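Topology and contacts: notes
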Amino acid sequence: VQLQASGGGLVQAGDSLRLSCAPSGRTFSNNGVGWFRQAPGKEREFVAAIRWSGSYTYYADSVKGRFTISRDNAKNMVYLQMNSLKPEDTAVYYCVAHRGILSTVRIGTSYGGWGQGTLVTVSS
């Protein structure tokens, strides 16, 4: 299943933005979902992940305390609430389905369903 991220845009430092993620034509099934981002000229990096139940969440140190991942299985949606945005948060953000064991939750190669992503630009 391919996942589609949306909600990106141009904001100023300190602003908030909420990204949304929905599967294309199917449900998330029992997958955990992760958010990754890739800034120009940089490698893709893990941002956050949430298990199917929503009971467990995982964050990169760089976003902990500022970003919140959540899911609404009834609506078949996953969200990434981003507060106190910084210019270094500028990147294309992707939501993807976790297909590996729990210990791989921060590893991009354990995910599938990479879509086009959504661009977040934070100006200083």
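Residues numbered from 1 in each chain as written. Predicted model: local features only at pLDDT ≥ 70, side-chain atom pairs only at ≥ 80, totals over all residues. Heavy atoms only, no water.

The strand order across the open sheet built from 4 strands is β1-β3-β8-β7, with neighbouring strands paired in antiparallel fashion. The two strands at the open ends of the sheet, each matched to only one other strand, are β1 (3-6) and β7 (67-72). The mean angle between the axes of side-by-side strands here comes to 20 degrees, regardless of whether they run parallel or antiparallel. (Pairing = 2+ DSSP bridges. Helix = DSSP H or I, 4+ residues; strand = E, 2+ residues; numbered from the N terminus. Axes fitted to C-alpha atoms, helices over the stretch in contact; angles between N-to-C directions.)

Once that is clear, we can look at the nonpolar core. Counting residues in hydrophobic clusters, the biggest one holds 35 residues, and the most contacted among them are W35, L80, M82 and Y93. Excluding anything up to four places from it in sequence, M82 contacts D15, S16, L17, L19, R66, F67, Y93 and V120. (Core = buried A, V, L, I, M, F, W, Y, C linked by side-chain atoms within 4.5 Å. Buried < 20%, exposed > 50% of the residue type's maximum accessible area, 1.4 Å probe, protein only. Contact = heavy atoms within 4.5 Å.)

Take the packing of aromatic side chains next. Summed over all chains, the structure comprises 4 aromatic pairs. Ring geometry for F36 versus F46: centroids 5.6 Å apart, planes at 75 degrees, classification edge-to-face. Here the residue F36 occupies a position in strand β4 (residues 33-38), and F46 occupies one in strand β5 (residues 45-50), the gap between them amounting to 10 residues. Among the residues examined, F36 registers a relative accessible area of 2% and is labelled buried. (Phe/Tyr/Trp six-rings, centres within 6.5 Å; stacked < 30°, edge-to-face > 60°.)

Our next topic: the side chain of T104. Position of T104 among the secondary structure elements: in the loop between β9 (91-98) and β10 (111-112). We classify T104 as buried; its relative accessible area is 17%. Of note is the side chain of T104, whose polar atom sits 2.9 Å from the side chain of H98. Sequence-distant contacts of T104, that is, excluding residues within four places in its chain, are made with H98, S110 and Y111. (Polar contact = N/O pair within 3.5 Å; in protein donor to acceptor, adjacent residues only side chain to side chain.)

On to the pattern of salt bridges, then. Considering all chains together, one arrives at 4 salt bridges under this definition. Of the charged contacts, one joins D89 and R37 as a salt bridge, the two residues approaching to 2.9 Å between their closest N and O atoms. Within this pair, whereas D89 is found in the loop between β8 (77-82) and β9, its partner R37 is found in strand β4, the two being separated by 52 residues in sequence. What makes D89 buried here is its relative accessible area of 0%. As a salt-bridge pair, K64 and D61 come within 3.3 Å of each other at their nearest N and O atoms. Since its relative accessible area comes to 52%, K64 is described here as exposed. Through salt bridges with shared partners, a single ionic network connects R37, E45, R66 and D89. (Salt bridge = Lys/Arg side-chain N within 4 Å of Asp/Glu carboxyl O.)

Below, the discussion takes up the side chain of T118. Here T118 is to be found in strand β11 (residues 118-123). Note on T118: relative accessible area 10%, which makes it buried. Within the structure, T118 has its side chain in polar contact with the backbone nitrogen of G8 (distance 2.9 Å). Setting aside its immediate chain neighbours within four residues, T118 contacts A5, S6, G7, G8, L19, A91, V92 and Y93.

Further remarks concern unusual backbone geometry. Of note in the backbone geometry, N76 takes a positive phi value of approximately 60 degrees without being a glycine. Looking at the secondary structure, you find N76 in the loop between β7 and β8. Even without being a glycine, S84 presents a positive backbone phi close to 50 degrees. Along the chain, S84 falls in the loop between β8 and β9. Judged by its relative accessible area of 41%, S84 is partly exposed.

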